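Here's the letter readout for the chains.
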Amino acid sequence: MALDWAGRSVNYTLVDTFVYCKGARVWVRDPELVWKGGELKKDYTIGDKLVDIELDDGGEKSLPLKSKDDLPPLRNPDILIGENDLTSLSYLHEPAVLFNLQERFIRSNAIYTYCGIVLVAINPYQQLPLYGEDVIYAYRGQDMGSMDPHIFAVAEEAFRKMSRFDQNQSIIVSGESGAGKTVSAKYAMRYFAMVGGSTAETQIEKKVLASNPVMEAIGNAKTTRNDNSSRFGKYIEISFNTQHHIIGANMRTYLLEKSRVVFQAEEERNYHIFYQLCASCNLPELAALKLGHPDEFFYTSQGESPTVNGVDDSVTYEETKDAMALLGFQQDHIKQIFRVVGAVLHFGNVEIAPGEHESSKIEKNNENLPVLCDLLGIEEVQMMKWLCNRKIITVKEILTKPLTRTQAIISRDALAKKIYSELFTWIVGQINKIIQPLAKSKSFIGVLDIYGFEMFEINSFEQFCINYANEKLQQQFTQHVFKLEQEEYVKEQIEWSFIDFYDNQPCIDLIENKLGILDLLDEECMMPKGSDDNWCQKLYKSHSNAKHFSKPRMSQSAFIIHHFADKVEYQSDGCVEKNRDNVNEEHLNILRGSQFEFVADLFREKKMSHESSASSRKAVVKSGHGPAIKSQKTFKSSVGSQFRESLKYLMEKLNATTPHYVRCIKPNDTKAAFEFESKRAVEQLRACGVLETIRISAAGYPSRWTYGEFFTRYRALMVPKEVNRKDVRGTSEKTLKRLISDPDKYQFGKTKIFFRAGQVAYLEKLRADKLRAACVLMQKTVRGWVQKKKYNRLRSSTIIVQKIIRGFLARRLTLHIRRTNAGTRIQKSWRGYNQRQKYLHVRRAIVTIQAFTRGTYGRRHFTKVLREARATTIQKTARGWLAKKKYQKTRKAIILIQCCTRRMYAKKELKKLKIEARSVEHLKKLQKGMENKVISLQQKVNELTKEKKEREDQDVTIEKLRSQVKSMESTQAETISLSKRIQELELENARLRQELEQTSLEKNALNDEMGRVLQEHKEVAKQFLKEKEKHEAESDKLRQDLLEKENAFKEFEEKAEERLKQEVEATREELLKELAEEKARHQKLLQDYNRLEQRCENLKEDLEAAQHPAQQYVHHVRTDSSEGGESGYGTLSTNQVEDVESVENDIQEQGQEKASMDMTVFLKLQQRVRDLEKERKQFETKMEKKESDTLTHRNTMEGDLGTATAQLQAYKEENTKLKEDLTTLHKAVVSDSAEDDIPNVLTKQVSVLSEENHKHRQEIVSLKTELANERRRFENQMNGGADSPDSGINKDKEQLIHEEIESLAEDGNLDVAYKSVKMTNHLFAALSASQTSLRDTVSKYGSLAGNHNDLLVGKIILEKEVQALKKNHEVETKELKETIEQLKMDNDRQQEIIGQSLKMTPEARINQTVQHEISRLTNENLDLLEQNEYLEKQVKKLKKQLKVAYRRVTSTLESSATPTSLSDTPAASHLSAPANIGDTTHIAPANVKMKEREILGMLEYRQEDDTKIIKSVIIDFQPKNAVSFLPGLPAYVIFMCIRHADDINDDRKVKALLTGVINGIKKTVKKHFEDFEYVSFWLTNTIRLMHTLKQYSGEENFSSQNTIRQNDHCLRNFDLSEYRQVMNDLGVHIYQMLVHIIENKLQPMIVPAMLESDSAGLSTKPSGLRGRSASMSSDYDGVKISIESLIKQLTTFLTVMNIHGTDPEVVRQVIKQSFYLVTASTINNILLRKDMCHWSKGVQIRYNMSELEEWLRSSKVYDSSMEDTLEPLVQIAQLLQVKKRTDDDVKLICDTCTKLTSTQVVKILNLYTPDEYEKKTEVMFIRKVQAKLSGRMDPKKEAQLLIDTKYTFPVTFPYNPSSVLLNEITIPDSFKLECVKRV
């Protein structure tokens, strides 16, 4: 029984032993290739102990056998080699899987292969054209089994299941470093972003993709296996809404490799971000980081490989920065991120030197420490102190323990790792905030990119966690595969037994159960003296009997775990410390007190949440403020516990989703393109679970064929009496029962036959044997008949020929004998002479050659001897150097061992001394002298206490004096500031008085203006009374209009109220936003306060430490205390305790000088505390000031207005001064010498600037005259009439005035009328001032007016007027402020121009002046041209209006017999405004007789009937009723209506009708956008209407083909060329809709009809796919799809277009586009499906192409463009059929495939599968074709793989006039057009 890689038994002989016959192909194990192919040399019989095998490379091997289970595994038949699914192989075992992957990867360059539900992806180490948008669209909507394996197919499967079943999905990508996990995950997310992208403005899918460069920069690094290796695991959830659009994402990371920050192995790099910053250090934005080359920094120079081939770190830096900007990172945050990363680099360069008494120190001249402290915003003194010391807290005291150099370096590196880890976590959190879903997500797809199984020479804690995660994932994977396998059996209703599979739950229990490996590790971490050795001993004791645990033979600090993939030996060194992950708390306190909020936030204690506890769970106890001792401990969970919780959360997520698996394989370690190392591949296949999938499949029924496939394939094995084509299943069952006697070897399902492993190969052998026997029989018969026939023919011919030849030979023999005798003598003489000459020539030549040869050999011998001598010398030197180097290395190792041994003995001695120190006798000896010492120390304490009190009294006195001095100084400063403030207030008061006087003057002027306006209103009232009699006839009509306008005004009022509500709501939202911003600012201030408080606390602690230094750590006294302080698991929260005794001892020990130094530090820290208190007070003052500013904001508005006025006056004075300066400069320059052109240049510049100042002054004047403009606008409203440009409320005012005047006229009371008019004017003024509606204002003041309460009315009106003046004043003030700002900017710009001009050379100043003048004149010319064009348009419009009005008046006068005044006609209102003749001009009666003529070909209608016509002709029209109508009848009807509007010259009717027609057609096709008949019908009518508009436009180029009658029907008044363009655009839009419908109809039919149907009668190889719903079924809506179905659908399209009368050219374009779709879809499918690339498929394509060409010819739409469209598909068919052997075939392929790109040709050759009796295409042949095609001209085009199926040919609508006469068209009654009539 053979064993697999995990020690499990595996049986390769699952088939009967009679298959092992002579010639059977088998696999043999090989130490280099893993497996090697061979053939059996003889038949195997049961009991044989040896099997002789002939290997494929010519060698031989004998394989010993103990039983038949030891037989070598069999090879699969050729038909199954290269299958895209490994589970479809007949023999399922390791060599078959390995060979199939190698065959696809090397021969076909296929990097993707299915293995059941797993996608195996092999890294090609080369860019392939497989990931473009065209490939994404090719896989979009396709079944997983219908296309070749691809990452897009897996992504599409996940997306489809999510969208169809609303199930959450997950894609698990795993593999070792360098296998391509990150790239595969990136392409999967790119696919989701493409198919799930929304049209929202946020474009969240771009942000999701933009997170990849950022995460790669901070989390990826170069390793020996991969240049861009992800050093962390990540799980990204992409959320989708109900429309299945991406709305956000969320990322979780796992186990960042923090150790890489401080250490890199050889040929490896740190994280990319460090090198990106170093490469871009010359940029100004990074100058503050003070970076340089990576070799200058310790953290980036250890690997000695600072660059990556083909990668420019400066370019990737820009990409990273752009990605951050796209994600929405603030620029300040980006800057702070780079500062923190730069600080981490500088940490590595902080050199720590050894100090005295096992301490360490940092030199003051260290350059990197100040830089990193500046970058992090922390105190340099504190960091320098705590890098070399640590604080230990006991119950009663605080100790400061100095660290050794090694401990300090470890502490420094731990801090650097902590900083980078926190930064990494913060960036991930920010990305999650940015890309998190804003709305509730309906479902999600998770993409897990996690590290694969790892096994190195030295495996530590990181590898343990990684392999633990893979154990969990493997368990989930195995259970899912097993579940799917069983579901397939249940679905097919076959009998099955429980399949045994490997369960790794015991291994997982060993790791995570109670008292498991992780549990024991956490327990050891909590022990005071926990160590790695103790942990190992506990593991040996607890798990020595476990099945998956073992102890190494030669090590006491390692252990072995039996994982599912292999046994891994883990070293325990460092695991305890890595699990603790401790950082000095003092370091964190320093960072929390950073002056940068960003840095402080990174280390601020975060609140615990349920969700975040899975990744980082800490129990934080924050101590209160005060002098109490901080005895509480802050415990945190270990790294292992955190990882276990994160993994638990991940597994819960994955178990709640439908998983999809991608296993990435690394083919070689040299990163060579398309090289396959079997050893490396098989290791990864074992580790990633692919072989486990194969094992589960092989245990059941791996081979599965449908009944139809079995019938087609094995028809040759069936007996005629068994064949029944109507009952394929019954026939298959009978055949199988006869061929395979064992019923357990197969099962009959509902739709498939399930075979055991090897049975398909057995059936293939039977089929091949039978076909071979049949071929032999046929060959024997045919060859016998041919040879017999040939023999008879040759015998008769031979007899005749013999008779003739024998006579001829006798005669010739006689002649020959005679001539022979004569020739013999001649030959004798000649041969003797000739041989003699040849001998002499050869002899001379040999002598010459010998001479040269001997010389050559001599020289070669000499050279060889010389080289050997020199080589000997070199070897001697090299060997000596190597021996010396080996000796030195051995010596260093021995010294190291000695040191370690001595240290071990020293530790043991130290331990003995400690034990002795704890003994009772020793303590008694020490106790005797302690009593006397305590008494003396107590006396000293009393004396020092008295001195301390005296000093404190002195300090208090000094402090009081200082405070008094400071208060005096502040009082004096306040007095000075108050005096200045009084003077300013006096000046302000004077200015306000002047403004008050000015305002009173303006008010008087306004009162005068108001009186004048009232007088004018009186005159207007009198004028209205005079004209009342003229308008009596129109009073009824005016009242009706008034009612209509009142209704319109109600609507306007409602809209205004709605708009007001919207504005109020917007204002409310704005206020809420300001409130939120204010809260955010408040929170920020609180954070600043907390950060400063932390800094203050740190400084207080240092201050207390400086005043009362802690006891130094003493080995022989405080050994137990120090151990107790360090042994606690977790981080200690510390507090300071004052200890006078320690201060006194330090003063005595250190001396007076050291004490004075401490006092200096104390004073500095005290000053720093004062500064911090002052800053805090300033912050509080700012907050109070902010609140007071908010309350007094309204009160300061008037002061701001005054200030703005003063600023305006100042700017005026400044402009005046500037003008005087320019004049002075002008005079000075003119008076100067005229040696150069400077005066002229400056003169021009001064004139230009003067003009600009003049323009600004004019603008200021225009602002001041705004009140006058308001008055003039009011006059226009009163006198403007119906054509006034103002509308809306002005019309309402006019109507109200008319109503008031009429009521006055009826009453006859002029006094009341005068007051009413006055009240009306005031009402309008109040209405203009207020924000209320007209109706509210009238209702509010109407009752007052009716009661004649003039005083009250006047008071209210004056209040409104004052409010209006105030608002106008505010508006003017705002505009003046804007003007001031503009003037200020203009002045600055002018001064800048003058300054620049003075600095320029004379030539430059001249050029600048000329350019300025040219630009100014150009702008003026452009303005004048625009004005001219506008005036010309107005003139044309007015002329046209006059013509229309004149025609209407003339027709009206002709129709009536009585003379009528023009002013009384309705047309007068239209003529009065533009021509100003409505009131004064009268037209005399005219008796002009018109010539009566019959106008035909037009339809008369009223304008209000537009909607009825459009509804009847367009919206309600059914295309199916148009079969019996004239083609294009709706278009003709619409044009006949247009003709009538043109005939009466009514442009409004034309515009309204054409606009309604266009909108109606759009609405109709949009409603029926999937109905081919509707869209085709309206495409035809739209084109016909466009052609009709051209035909009857009257233009010569269109009317040249018209008849005389058609030219009479041309349009006479309107030019509709713009509408023709609109109709053309509409036609293009409808054409695109038509093409889209055709695509939707044809797309599902193309592949089944062109590729999968067997119309030519050729049987193809079965797909072999299993477990997927492929498109091989060829069913579409339950109908078998063939080429006839496709042609039938095309015929339907063509028939519908011909019935509707579509232009033939448009029909050809539609058919051409359809055939392009057929060609592109077919080619793309061939390029992405290996099963379509074989000879018989080429024949099938040629047959289908001939059918399509025949249809084109029979339909009379065939032309050369159709042939060009189909040519690429024809060439692919030829490529599949052509021979692929010789160089001539290479030339033939290159000459034939001119329409195919080189990438497409090579792809098809790689995918080509030979038929049964055809040889494989050699790789060298493909390389030759590729080399010959590489010389083509366009490399970019040649690199294209797929054809764009979305491409649409440009559409044109050639002009096609109609021969139909408009007057002959009859409108059917079914149109229901009662509203129109023929003219």
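Above this text sits the structure in question.
Bear in mind that the values here come from a model prediction, so they are computed numbers and not experimental data.

*Asks:* What am I meant to see in the overall build of the protein here?
*Replies:* Along the protein, the regular secondary structure elements total 53 helices and 32 strands. Looking at the protein as a whole, 42% of its 1879 residues are labelled buried. Of the contacts made within the protein by residues no fewer than 6 positions apart, 73% connect residues no fewer than 24 positions apart. Put simply, the protein shows about 106000 Å² of open surface, and 54% of that area lies on carbon and sulfur atoms.

*Asks:* Hey, could you run me through the packing of helix α51 (residues 1798-1807) against helix α52 (residues 1819-1829) in this one?
*Replies:* Packed helix pairs are characterised by how far apart their axes lie and by the angle those axes make with each other. Direction vectors running N to C along α51 and α52 enclose 175 degrees, while the axes themselves pass 10 Å from each other. By the criterion of interaxial angle, the relationship of α51 to α52 is roughly antiparallel. Residues S1798, V1801, V1802, L1805 and N1806 of α51 pack against I1822, V1825, Q1826 and L1829 of α52. Partitioned by chemical class, the residues of the contact of α51 with α52 number six nonpolar, three polar and no charged.

*Asks:* Looking at this structure, how should I read the environment of V1876?
*Replies:* With respect to the secondary-structure elements, V1876 resides in the loop between α53 (1835-1838) and β32 (1877-1878). With residues up to four places along the chain from it excluded, the contact list for V1876 reads L1499, E1500, Y1501 and I1509.

*Asks:* I would appreciate a short explanation of the packing of helix α9 (residues 331-348) against helix α10 (residues 368-376) in the present structure.
*Replies:* Where α9 meets α10, the closest approach of the two axes is 9 Å, and the angle between their N-to-C directions is 160 degrees. It follows that α9 is roughly antiparallel to α10 by the angle criterion. Considering only the axes of α9 and α10, their crossing is left-handed. Between α9 and α10, the residues in contact are R339, V340, G342, A343, H346 and F347 and N368, V371, L372, D374, L375 and L376, respectively. By residue class, the composition of the contact of α9 with α10 is seven nonpolar, three polar and two charged.

*Asks:* For this particular structure, what's the right way to read a positive patch on the surface?
*Replies:* A grouping of K1433, K1436, K1437, K1440 and K1551 is seen on the molecular surface, where their side chains present a positively charged patch. Sort the elements by how many residues they give to the positive patch and helix α37 (residues 1402-1455) lands first, with four residues. Note on placement: K1433 falls in helix α37.

*Asks:* Mind showing me how you'd approach the pairing of strand β5 (residues 50-55) here?
*Replies:* Along any regular strand the residues' side chains alternate between the sheet's two faces. Side-chain alternation along β5 places V51, I53 and L55 on a buried face and L50, D52 and E54 on a face that remains uncovered. Judged from the three bridges that link them, strand β4 (residues 34-40) and β5 form a sheet pairing that is antiparallel. Bridge assignment links G38 to a residue of β5, and that residue is L55. Relative to strand β6 (residues 60-64), β5 runs antiparallel, the two being bridged by five bridges. Paired with I53 across the strands is K61, a residue of β6. Hairpin connection between β5 and β6: a loop of four residues separates the two successive antiparallel strands, and G58 in this loop has a positive phi of roughly 100 degrees.

*Asks:* Before we go on, may I ask you to explain the packing of aromatic side chains in this structure?
*Replies:* Two measures describe an aromatic ring pair: the distance that separates the ring centres and the angle between the ring planes. Across all of its chains, the model carries 38 aromatic pairs by this definition. Seen from their ring centres, Y271 and Y420 are 5.2 Å apart, and the 15 degrees between their planes marks the pair as stacked. Pair noted here: Y271 is in the loop between β13 (246-254) and α6 (272-279) and Y420 is in helix α12 (residues 405-435), with a separation of 149 residues, a long-range link. One exposure class covers both Y271 and Y420, and it is buried. Aromatic side chains Y746 and F748 sit 5.3 Å apart centroid to centroid with 65 degrees between the ring planes, which places their arrangement in the edge-to-face category. Like Y746, the residue F748 is buried in the burial classification. Its guanidinium or amino end placed over the ring of F99, R75 lies 6.0 Å from that ring's centre, counting from NZ or CZ.

*Asks:* In this structure, what is going on with a nonpolar patch on the surface? I would like to understand it.
*Replies:* A cluster of nonpolar side chains, contributed by I800, V801, I804, I805, F808 and L809, occupies part of the molecular surface with about 540 Å² of accessible area. We classify I804 as exposed; its relative accessible area is 57%.

*Asks:* Quick question: what am I supposed to make of the side chain of D1785 here?
*Replies:* Structurally, D1785 is set in helix α50 (residues 1783-1792). With no salt bridge to any partner, buried D1785 finds its closest opposite charge in R1781, at an N-O distance of 6.8 Å. Within polar-contact distance, the side chain of D1785 engages the backbone nitrogen of T1782 at 3.1 Å. The residues contacting D1785, other than those within four sequence positions of it, are K1779, K1780 and F1821.

*Asks:* Help me understand the nonpolar core, please; the structure alone is not making it clear to me.
*Replies:* Across soluble globular proteins, you tend to see nonpolar side chains buried next to one another. Counting residues in hydrophobic clusters, the biggest one holds 345 residues, and the most contacted among them are F192, F274, F329, I337, L376, F559 and M1650. Counting residues per element, this core draws most heavily on helix α45 (residues 1617-1652), at 16 residues. Among all residues touching F274, those that are not within four sequence positions of it are V261, T300, V341, V344, L345 and Y420.

*Asks:* Whenever I open this one, the environment of S62 confuses me. Can you help?
*Replies:* Summarising the element assignment, S62 is placed in strand β6. With 22 residues separating them along the chain, S62 and L40 place their C-alpha atoms 10.0 Å apart. Once residues lying within four places of it in the same chain are set aside, the contact partners of S62 are L50, V51 and D52. Looking at S62, its side chain comes within polar contact range of the side chain of D52, at 2.9 Å.

*Asks:* Is there a simple way to think about helix α3 (residues 151-165) in this case?
*Replies:* It helps to recall that an α-helix has 3.6 residues per turn; residues three or four apart then point in one direction. The end-to-end C-alpha separation of α3 is 21 Å, in line with the 21 Å expected for 15 residues at 1.5 Å each. Along α3, 11 of the 15 residues are buried, which leaves the element largely enclosed by surrounding structure. Restricting attention to buried positions, one finds in α3 the residues I151, F152, A153, V154, A155, E156, E157, A158, F159, R160 and M162. D166 lies just past α3 and shows a positive phi near 55 degrees.

*Asks:* Help me out: how do you make sense of the sheet that holds strand β7 (residues 112-115) in this one?
*Replies:* Think of a sheet as strands paired side by side through backbone hydrogen bonds, with each pair either parallel or antiparallel. Within the open sheet, the seven strands sit side by side as β7-β8-β23-β9-β18-β12-β13. Their pairing is mixed. For this open sheet the edge positions go to β7 and β13, each flanked by a neighbour on one side alone. Averaged over neighbouring strand pairs, the angle between their axes works out to 20 degrees when direction is ignored. Sheet topology note: the β7/strand β8 (residues 118-122) ladder contains four bridges and is antiparallel. Residue C115 lies in a different strand from β8, and its bridge partner there is V118. Packed on one face of the sheet, helix α13 (residues 461-492) meets β8, β9 (169-175), β18 (443-451) and β23 (658-665) and runs near 125 degrees to β23.

*Asks:* Mind showing me how you'd approach the pattern of salt bridges here?
*Replies:* Where charged atoms from two side chains of opposite charge approach closely, those side chains can pair. Scanning the model with the defined rule gives 49 salt bridges in all. Here D56 ties to R75 by a salt bridge, and the two come within 3.0 Å at their closest N and O atoms. Pair noted here: D56 is in the loop between β5 and β6 and R75 is in the loop between β6 and α1 (94-107), with a separation of 19 residues, a long-range link. For E512, the salt bridge identified is with K472, shortest N-O distance 3.4 Å.

*Asks:* Explanation requested: a negative patch on the surface in the structure shown.
*Replies:* On the surface, E943, E947, E950, D953, D955 and E959 cluster together to form a negatively charged patch. Structurally, E950 is set in helix α26 (residues 920-1026). Exposure remark for E950: the relative accessible area of 52% places this residue in the exposed category.

Rules and cut-offs
Residues numbered from 1 in each chain as written. Predicted model: local features only at pLDDT ≥ 70, side-chain atom pairs only at ≥ 80, totals over all residues. Heavy atoms only, no water. Helix = DSSP H or I, 4+ residues; strand = E, 2+ residues; numbered from the N terminus. Buried < 20%, exposed > 50% of the residue type's maximum accessible area, 1.4 Å probe, protein only. Contact = heavy atoms within 4.5 Å. Areas by Shrake-Rupley, 256 points an atom, 1.4 Å probe, with all protein chains shown as cover. Axes fitted to C-alpha atoms, helices over the stretch in contact; angles between N-to-C directions. Parallel < 35°, antiparallel > 145°, perpendicular 65-115°, else oblique. Nonpolar A, V, L, I, M, F, W, Y, C, P; charged D, E, K, R; others polar. Left-handed = near helix turned anticlockwise from the far one by under 90°. Patch = residues over 30% accessible without salt bridge, like charges linked within 9 Å, V, L, I, M, F, W, Y side chains within 5 Å. Salt bridge = Lys/Arg side-chain N within 4 Å of Asp/Glu carboxyl O. Lys, Arg positive; Asp, Glu negative; His and termini not counted. Charge placed at Lys NZ, Arg CZ, Asp CG, Glu CD. Pairing = 2+ DSSP bridges. Phe/Tyr/Trp six-rings, centres within 6.5 Å; stacked < 30°, edge-to-face > 60°. Lys NZ or Arg CZ within 6 Å of the ring centre and 35° of its normal. Polar contact = N/O pair within 3.5 Å; in protein donor to acceptor, adjacent residues only side chain to side chain. Core = buried A, V, L, I, M, F, W, Y, C linked by side-chain atoms within 4.5 Å. Expected span 1.5 Å × (residues − 1).

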